[in-house]
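Given next are the chains, with one letter for each unit.
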Amino acid sequence: MSAPMQLMLEPVSDAVFRVLTGEGAHVGNLKLSQGVWKFKAIGYDQRGAVLPGWGPLTDFHNTVLAFPDAALVNAMLVPI
């Protein structure tokens, strides 16, 4: 049995954090919009083009989080 995915936050601005796997893969963004933090899933096609709403965490696209915190992101977004 493999270990669960671990996610990290990388600040981009006061209103955006990149969500990265422990290996550094970009799987989404946490964005503050109209006072609400939402996870926006990101995937990439074979050429490297961004696919909004896709990727390994597509089922969690638009999940609302109380605030940007790595422990909270892991609790809410890491599949069991």
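Residues numbered from 1 in each chain as written. Predicted model: local features only at pLDDT ≥ 70, side-chain atom pairs only at ≥ 80, totals over all residues. Heavy atoms only, no water.

## Examining the environment of Gln-34
Here is step 1 of the chain: Residue position: Gln-34 is located in the loop between strand 3 (26-33) and strand 4 (36-44).
Here is step 2 of the chain: Between the C-alpha atom of Gln-34 and that of Asp-14, which follows or precedes it by 20 residues, the distance is 13 Å. (Helix = DSSP H or I, 4+ residues; strand = E, 2+ residues; numbered from the N terminus.)

## Structural notes on the pattern of salt bridges
Here is step 1 of the chain: Evaluated as defined, the whole model comprises 1 salt bridge.
Here is step 2 of the chain: With a shortest N-O distance of 3.0 Å, Glu-10 and Arg-18 are connected by a salt bridge.
Here is step 3 of the chain: A relative accessible area of 34% means that Glu-10 is categorised as partly exposed.
Here is step 4 of the chain: Taking relative accessible area as the criterion, Arg-18 reaches 26% and is therefore assigned partly exposed. (Salt bridge = Lys/Arg side-chain N within 4 Å of Asp/Glu carboxyl O. Buried < 20%, exposed > 50% of the residue type's maximum accessible area, 1.4 Å probe, protein only.)

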